Amino acid sequence: MDDQTDMVEIDARLEKKVNDKWQLDIGLNYNLTHLEQLLDFQNLENDMWAYNPELSDNYKLTGENYAGYVNVTSTLGKYIFYKVGVRVQENRIAYNSLKINHKNDKHYRGIYPSVNLMYSINREKGTSLGFSYQKSIGQIPYNAINPVVQYANEYFYTRGNVEIKSTTYHVLGIQGTLNNRWNFAYIFGYVKDNLFFKTYQDEKDPLITYTMPVNEGKNYMHGLMVDRTFKLTEWWNLKGTGRIQRLKYEGNYLNTNSWKSYISIYNNITFKNGWGGRALRICRAYF
């Protein structure tokens, strides 16, 4: 196997503080990845290596990302801080192979907004409430598209899928802080065109199985988190964190639903001496 990979990225950003309350961020990004591979598979037949035309190939894979974004950061009055933005992006995936007589060229375009709001209820006590939302698109999954067949043994192999497309994410969050000690957060996540490896039976030999990446189903996630910091002494701080998550998957032939919990305790101990101070962190987690 002989391969060559070329990568180019151009990124331009402008941050402009308009006045004491307004800030404008503008950016442009271009990313190019070009992959060319010559696959020469041979089988050992009658003590001689013979060319395998079914597995051999000469293909080219090109991925391009075009993106531009605008973010505005400001305040409303004395208590509300906000940051809103929008990102416009296009992903292009082009694939050409000796095994197909045409060029497979796909474009995925989208508008991806983001919103962050924070309301300062009491600055002196450190009490606030926030809201956030973001829609984004994943990077081009080059490894999943790569058509190279990888054999683990004579009965199992893995191969790529040129029909794969980028995954879309939605994340919504509500955050709060009480008296600079208690922190609360609720997070909802939604994933469209979920990417995972699926197992199939070989079309020619039923004794052989293989895995191939596919876009299938939807993922949902609900998460609730709370943490509290305790200042036990001048040199000893303790922080406890608890989180519970609900994970749900909806597919064409499979639906799953599960709960996960997480509890951790952090001890931060500071030792002072003639050279300044030292910190010791001890963590205990429970699942």
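Residues numbered from 1 in each chain as written. Predicted model: local features only at pLDDT ≥ 70, side-chain atom pairs only at ≥ 80, totals over all residues. Heavy atoms only, no water.

## Comments concerning the overall build of the protein chain
1) Next: Scanning the protein chain from N- to C-terminus turns up one helix and 18 strands.
2) Next: Within the span of the protein chain, comprising 287 residues, buried residues form 30% of the whole.
3) Next: By sequence separation, contacts in the protein chain at least 24 residues apart represent 53% of the contacts at least 6 residues apart.
4) Next: Accessible surface, the protein chain as shown: approximately 19200 Å² in total, 56% of it carbon and sulfur. (Helix = DSSP H or I, 4+ residues; strand = E, 2+ residues; numbered from the N terminus. Buried < 20%, exposed > 50% of the residue type's maximum accessible area, 1.4 Å probe, protein only. Contact = heavy atoms within 4.5 Å. Areas by Shrake-Rupley, 256 points an atom, 1.4 Å probe, with all protein chains shown as cover.)

## Brief notes about empty space enclosed by the protein
1) Next: One pass over the structure, following the stated rule, counts one cavity of 30 Å³ or more.
2) Next: Lining the largest cavity, in full, are Ile93, Tyr95, Asn104, Lys106, Ile145 and Val162.
3) Next: Tallied by class, the residues present in the lining of the largest cavity amount to four nonpolar, one polar and one charged. (1 Å grid on protein atoms, 1.4 Å probe; cavity = no way out; pocket = protein on both sides within 12 Å on 5 of 7 lines; lining within 4 Å. Points joined across faces, edges and corners; volume = space filled by probe spheres on them. Nonpolar A, V, L, I, M, F, W, Y, C, P; charged D, E, K, R; others polar.)

## Quick word on the confidence of the model for the protein chain
1) Next: With 87% of its residues at a pLDDT of 70 or more, the protein chain shows a mean pLDDT of 83.
2) Next: Within the model, the stretch residues 274-282 combines pLDDT values under 50 with 20 contacts to residues more than four positions away or in other chains. (pLDDT = per-residue confidence, 0-100.)

## A short note on the packing of aromatic side chains
Two measures describe an aromatic ring pair: the distance that separates the ring centres and the angle between the ring planes.
1) Next: A full pass over the atoms with the stated rule returns six aromatic pairs.
2) Next: A ring pair is formed by Trp182 and Phe184, whose centres lie 6.2 Å apart and whose planes are at 10°; its orientation type is stacked.
3) Next: For Phe184, a relative accessible area of 38% gives the class partly exposed.
4) Next: Residues Phe196 and Tyr249 carry aromatic rings whose centres are separated by 6.1 Å and whose planes lie at 85° to one another, so their mutual orientation is edge-to-face. With Phe196 in strand β13 (residues 195-201) and Tyr249 in strand β16 (residues 236-250), this pair connects stretches of sequence that are 53 residues apart.
5) Next: A relative accessible area of 12% places Tyr249 in the buried class. (Phe/Tyr/Trp six-rings, centres within 6.5 Å; stacked < 30°, edge-to-face > 60°.)

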